[in-house]
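Descriptive structure summary
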Amino acid sequence: MSMIRYKNLGGNSSISQYEIGVDYIVVEFYGSVKMYKYTYSTAGKANIENAKKLAIRGFGLCSFIQKNMKYNFER
């Protein structure tokens, strides 16, 4: 799967792109050269599934990550 541009329907997200896999989501933030991979094992299945839905919707993903799984990415 390849990166998809985040719709950013709220107009103020710092997320530029994302990629969805079976058990993960990868997020790229504007101005960052690093991509953050959140997985079932690092952030929990429920959080990843919610993040996937928000990514597809194009609204609320950045806030959700900040509140629920900010530092729970693969190192």
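To start, this report covers the structure provided alongside it. (Residues numbered from 1 in each chain as written. Predicted model: local features only at pLDDT ≥ 70, side-chain atom pairs only at ≥ 80, totals over all residues. Heavy atoms only, no water.)

1. A closer look at the environment of K34
Rule in force here: Note on conventions: DSSP H or I runs of at least 4 residues are helices, E runs of at least 2 residues are strands, and numbering of each starts at the N terminus. Relative accessibility thresholds used throughout: buried, under 20% of the residue-type maximum; exposed, over 50%; partly exposed, between the two (1.4 Å probe, protein chains only).
Note on placement: K34 falls in the loop between β3 (24-29) and β4 (35-39). Look at K34 and you get partly exposed, because its relative accessible area is 41%.

2. Quick look at the pattern of salt bridges
Inclusion rule: Salt bridge criterion: a side-chain nitrogen from Lys or Arg within 4 Å of a carboxyl oxygen from Asp or Glu.
Summed over all chains, the structure comprises one salt bridge. Among the salt bridges present, the one from E49 reaches K52, with a minimum N-O distance of 3.0 Å. Residue E49 and its partner K52 are located together in helix α2 (residues 45-57), separated by three residues, close to a single helical turn. On the basis of relative accessible area, E49 is assigned to the partly exposed category, the value being 26%.

3. Quick word on the sheet that holds β4
Applied cut-off: Here, strands pair whenever DSSP counts at least two bridges between them.
Strand order in the open sheet formed by four strands is β1-β2-β3-β4, with antiparallel pairing between adjacent strands. Each of the sheet's edge strands pairs with one partner strand only, and the pair in question is β1 (4-5) and β4. Of the strand pairs in this sheet, β1 and strand β2 (residues 15-20) are connected by two bridges, and their pairing is antiparallel. Bridging from a neighbouring strand, I4 pairs with Y18 of β2.

4. Focus on the side chain of S16
Threshold: Note on contacts: a residue pair qualifies if any of its non-hydrogen atoms lie within 4.5 Å across the two residues.
Of note, S16 is situated in strand β2. On the basis of relative accessible area, S16 is assigned to the buried category, the value being 6%. Apart from the residues within four sequence positions on either side, S16 is in contact with I4, R5, Y6, E28, F29 and Y30.

5. Looking at the nonpolar core
This is how the line gets drawn: Take the buried residues of types Ala, Val, Leu, Ile, Met, Phe, Trp, Tyr and Cys, join any two whose side-chain atoms come within 4.5 Å, and each joined set is a nonpolar core.
Of all hydrophobic cores here, the largest spans 20 residues; its most connected members are I15, I25, V27, Y38, L61, I65 and M69. Counting only elements with at least two residues in this core, the list comes to β2, β3, β4, α2 and α3 (61-68).

6. Some words on the environment of L9
With respect to the helices and strands, the residue L9 is situated in the loop between β1 and β2. Put simply, L9 and G60 are 51 residues apart on the chain and 8.7 Å apart in space, counted from C-alpha to C-alpha. Filtering out sequence-adjacent residues up to four positions away, L9 remains in contact with R57, G58 and F59.

In short, shape yes, function no, at least from these values alone.
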